[in-house]
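Summary of the model geometry
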Amino acid sequence: MSGTQSESNPIAGRPGQTVEPSTGLALSESDPVDHRAPLILGAQTFHAITEAVARPMERPATRGWWICFLISLSMLGLLGVSIAWLFWEGIGVWGLNNPVGWAFDITNFVFWVGIGHAGTLISAILFLFRQKWRTSINRSAEAMTLFAVACALIFPGIHIGRPWVAYWMFPVPNQMGMWPQFRSPLMWDVFAVSIYGTVSLLFWYVGLIPDVATMRDRSAGLRQKTFGVLALGWRGSMRHWKHYETAYLVLAGLATPLVLSVHSIVSMDFATAQLPGWHTTIFPPYFVAGAIFSGFAMVMTLMVIMRKAFGLEQIITMKHLDYMAKIMLLTGSMVGYAYALEFFIAWFSGSAYELFTFKNRAFGTYAWAYWTMVSCNVILPQLFWLKKVRSSLAALFVLSIFVNIGMWFERFVIIVTSLHRDFLPSSWFYFVPTFFDVSTLIGSFGLFFTLFCLFVRFLPIVATAEVKTVLPQAIAHSQEAPAIEHDASGAVGLAREGAA
Amino acid sequence: MALLRASLPPGELFGALAEFATPAELYHACEGVRDAGYTRWDAHTPFPIHGLERAMGLRASRLPWVVLVTAVLGAVSGMGLQGWVSTIAYPLVISGKPFFSWPAFIPITFELGVLGGAFGAVLGMLAFNQLPTLHHPLFASARFERASDDGFFISVESWDPQFDRDRTMDLLRRLGAKEVELVASDPAEGKE
């Protein structure tokens, strides 16, 4: 982490004071429009950004990549074996002999759907709020969304006991003339998550079009043909950009309420049940905040590794990580507030069952899980108040792992502690995961990381076209904007003479 | 397939292609070409340059109207499907509610509206842009490869009423172009 010190300078320093250490070139000062410190470090040219993003795809795979890929692939193999055994033997391999037995599977489903939400927040909501810093991380965060949704979709697909009739979940005519029951949140969930996956894929692909065109124009042979087909013949035409930008804005506008609806609907799977601990109106906002929190933790984990592995420190800067840490601090505190409010409502409701459930959650047999959750999600993220923590790669990485763990436990706590003391004492059971519960969870991480490894190897991991728009020299039309001059060295400086 | 081909000028010559050094220069050159009265021309940039559509005199995209229509279609078909299933195809009494219990159908109606809107946005954008068009005469220019990296271009097509080989190239040079070249129509396309 030798670069940490020099990278943290731009955050500490005021606009206009930052100096790129290796070249000594004065950075383009502050942004001519909003007068903030530059988002992209180094005296960057448009071409330098293309190079920085394309280089990892064009060189042979590094040993580190192969190690990550092979580990992920073997975990994916474990998923295959676990699912095959599950299909062969039945859901008894998960110990599904009582209501709490399905806990692990649904925990994993909610965990993975939640992870995806940060990607859409970054790509859509921050876009609508004109947060330019999103451009450095939105591509990989959206990829993360897609892969997380793919992982999530596995679980409802395989947990139904008779996977060959999974199509009964969809409104298609079947041999019994039977149709789905649309008043059930479980049905809403089928639509919400699958449409969320589809729209995320469309959004991601639209964002990719200009960048695969860049790759097409840099490559030859089969690569050129593949990228050429994916780029659909994109030629950077301004008449095309006009419709393209409109489409992007509309997609962001559609994805924003969509992402909020998805985890709200997931939470209604629980909230419409009458089980104490689930039957509460706070669930939709609480789940959405938790989803964004967990997703940002995963983005943080991935970015800390990715920027180092692919030398993207000047594009994904410490400032980006700093912003992400602040969002985690905010959403983590919202989640902490929800935890506290649940206890208040349990007491305030006057319902003996509610109160029992929450006392049992914090001090019963699963107290260890509850306090793991509280420590990881509420207490540890408070460290993000400290600038020192937010500018240390090691601290950010470790804390993001803790949040990932904590958010998995949150779903475990909600599902297991509520179900293991159901209304019927005959359903009471201390849930312990079976081998295949655990192997399926590990396997789903295998699927996620395998897809992510393939993504970082074969597609542009940073939205190059979008990053170029946040460089100061990309602004051409503003009367206030200083004219741009290229000096002999090719670096870009700003001439303070007003636009010609 | 007409879908996979851009509308191209007839004849041997596609048009003139000029390269500019910076977004600012391209911006002012676009104003110049617009003011000279050209209509069949385009700018090519590696990223969207804000305000360039005004410098080119382009109207705002009508894509939102397409999205409105497809989103409403999606939502209506969502409510329609649920209503039809619950009242005609498979009526079931669920917790004593009426067959057409529309409030419970809102979530899926909303989701299908979003799905319709998203497909409308993407397919509409591709249709307006006549994409996919995998081949285009401009791709024959070696310089044009930089249009997706750091090159800023203006192309004036030969079927523009104002187009004149020499005068157009002159205009582009006067507007500050680094390089101006002529681009041929693809021979295979020209024959058809």
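Residues numbered from 1 in each chain as written. Chains lettered and ligands numbered in written order. Predicted model: local features only at pLDDT ≥ 70, side-chain atom pairs only at ≥ 80, totals over all residues.

Secondary structure summary: chain B contains six helices and four strands in total. Secondary structure elements of chain B, listed N to C terminal, follow the sequence β-α-β-α-α-α-β-α-β-α. Scaling as 2.2 N^0.38, a compact globule of 192 residues should have a C-alpha radius of gyration of about 16 Å, whereas chain B reaches 24 Å, well beyond that. Looking at chain B as a whole, 45% of its 192 residues qualify as buried. Taking the intrachain contacts of chain B between residues at least 6 apart in sequence as the baseline, contacts between residues at least 24 apart amount to 83%. (Helix = DSSP H or I, 4+ residues; strand = E, 2+ residues; numbered from the N terminus. Rg over C-alpha atoms; globule rule 2.2 N^0.38 Å. Buried ≥ 20, exposed ≤ 12 C-beta atoms within 10 Å, placed from the backbone. Contact = placed C-beta atoms within 7 Å.)

This paragraph deals with the overall build of chain A. Each helix and strand in chain A was counted, giving 16 helices and two strands. Looking at the 500 residues of chain A, the share that counts as buried comes to 49%. Considering only contacts in chain A between residues 6 or more positions apart, those separated by 24 or more positions represent 76%.

A separate point is the packing of helix α10 (residues 318-348) of chain A against helix α12 (residues 367-379) of chain A. Residues and elements named next belong to chain A. Taken N-terminus to C-terminus, the directions of α10 and α12 make an angle of 140°; their axes are 8 Å apart at the nearest point. By the criterion of interaxial angle, the relationship of α10 to α12 is oblique. Here G332, V335, G336 and Y339 of α10 come into contact with α12, specifically with V374, N377 and V378. When grouped by side-chain class, the residues that make up the contact of α10 with α12 number four nonpolar, three polar and no charged. (Axes fitted to C-alpha atoms, helices over the stretch in contact; angles between N-to-C directions. Parallel < 35°, antiparallel > 145°, perpendicular 65-115°, else oblique. Nonpolar A, V, L, I, M, F, W, Y, C, P; charged D, E, K, R; others polar.)

Chain A puts 58 residues into the contact, and the matching count from chain B is 63 residues. Residue assignment for the side of chain A that touches chain B shows that the elements contributing at least two residues are α2 (46-58), α6 (185-218), α7 (221-231), α8 (238-271), α16 (464-469) and β1 (483-486) of chain A. Across the side of chain A that touches chain B, the residue classes break down as 32 nonpolar, 18 polar and eight charged.

Once that is clear, we can look at the sheet that holds strand β3 (residues 152-157) of chain B. The strands making up a sheet associate through hydrogen bonds between their backbones, and the pairing can be parallel or antiparallel. All names here are of chain B. Overall, antiparallel pairing links the four strands, which are arranged β2-β3-β1-β4 in an open sheet. The sheet is open, and its two edges are formed by β2 (41-44) and β4 (179-184), each paired on a single side. Neighbouring strand axes in the sheet, compared pairwise and without regard to direction, differ in orientation by 20° on average. As defined by bridge partners, strand β1 (residues 13-20) adjoins β3 across six bridges and the pair is classed as antiparallel. By the bridge assignment, G15 is partnered in β3 with E157. Each of β1, β2 and β3 touches helix α1 (residues 23-35); the most contacted strand, β3, lies at about 20° to it. (Pairing = 2+ DSSP bridges.)

So, about the environment of E25 of chain B. Residue and element names in this part refer to chain B. Relative to the elements of secondary structure, E25 occurs in helix α1. Separated by 152 residues in sequence, E25 and A177 place their C-alpha atoms 8.3 Å apart. Each residue touching E25, except ones within four places of it in the same chain, is listed here: F20 and G176.

Next up on the list: helix α4 (residues 106-128) of chain B. All names here are of chain B. For α4, spanning 23 residues, the distance from its first C-alpha to its last is 32 Å, which sits close to the expected 33 Å at 1.5 Å a residue. Where burial is concerned, most of α4 is hidden: 18 out of the 23 residues are buried. The positive-phi residue at the C-terminal boundary of α4 is Q130, with phi of around 50°. (Expected span 1.5 Å × (residues − 1).)

Residues and elements named next belong to chain A. Residue position: E354 is located in helix α11 (residues 352-363). For E354 and F343, which are 11 residues apart along the polypeptide, the C-alpha to C-alpha distance reads 9.0 Å. For E354, the residues in contact, after removing those within four places along its chain, are P276, A346 and S349.

Okay, the packing of helix α9 (residues 283-309) of chain A against helix α14 (residues 393-419) of chain A next. Residues and elements named next belong to chain A. Where α9 meets α14, the axes come as close as 8 Å, and the angle between the chain directions of the two elements is 140°. Considering the angle they form, α9 stands oblique to α14. Considering how the two elements wind past one another, α9 and α14 form a crossing that is left-handed. Contact residues: α9 offers G290, F293, S294, A297, M298, M300, T301 and V304, while α14 offers L393, L396, F397, S400, I401, V403, N404, M407 and E410. A breakdown of the residues in the contact of α9 with α14 according to their chemical character gives 11 nonpolar, five polar and one charged. (Left-handed = near helix turned anticlockwise from the far one by under 90°.)

With that settled, the discussion passes to the confidence of the model for chain B. Averaged over every residue, the pLDDT of chain B is 86; the share at 70 or more is 94%. Here the complex is predicted with pTM 0.86, and the ipTM for its interfaces comes to 0.90. (pLDDT = per-residue confidence, 0-100.)

The next thing to look at is the nonpolar core. One finds M144, V199, L251, F296 and V299 of chain A together with C30 and I154 of chain B to be the most contacted residues of the largest nonpolar core, which totals 189 residues. Those residues in contact with C30 of chain B that sit more than four places away from it in its chain are A43, L52, A55, M56 and I154 of chain B. (Core = buried A, V, L, I, M, F, W, Y, C linked by C-beta atoms within 7 Å.)

What follows covers the pairing of β2 of chain B. Residue and element names in this part refer to chain B. Neither face of β2 is exposed, since W41 and A43 on one face and D42 and H44 on the opposite face are all buried. Here β2 pairs with β3 via four bridges, running antiparallel. Note that in β3 the partner of H44 across the bridge is F153.

Take unusual backbone geometry next. Of the consecutive residues L131 of chain B and P132 of chain B, the connecting peptide bond is found in the cis state with omega at -5°. Note that P132 of chain B resides in the loop between α4 and β3. With phi around 60°, L232 of chain A is a residue other than glycine that occupies positive phi space. For L232 of chain A, the position within the fold is in the loop between α7 and α8. By the C-beta count within 10 Å, which is 17 here, L232 of chain A ends up partly exposed. Of note, Q130 of chain B is a non-glycine position whose phi angle comes to about 50°, a positive value.

To continue, consider the environment of I137 of chain A. All names here are of chain A. Examined against the element boundaries, I137 turns out to sit in the loop between α4 (103-128) and α5 (138-158). Sequence spacing of I137 and I158 is 21 residues, and the spatial spacing of their C-alpha atoms is 32 Å. For I137, the contacting residues outside a window of four places in its chain are I122, V299, M303, I316 and H320.

All names here are of chain A. The first and last C-alpha atoms of helix α3 (residues 63-89) sit 39 Å apart over 27 residues, in line with the 39 Å expected at 1.5 Å per residue. Those residues of α3 lying buried are S72, L76, L78, L79, S82 and L86. The inward-facing, buried residues of α3 contact α5 and α15 (435-458). At the C-terminal side of α3, G90 shows a positive phi close to 105°.

Interpreting fine coordinate detail is not advised for predicted regions of low pLDDT. Residues and elements named next belong to chain A. Per-residue confidence for chain A averages 84 on the pLDDT scale, and 87% of its residues sit at or above 70. Every residue in residues 1-29 scores below 50 in pLDDT, and together they form 49 contacts with partners more than four places removed in sequence or on other chains. The low-confidence segment residues 478-500, where pLDDT is below 50, has 40 contacts with residues more than four positions distant or belonging to other chains.

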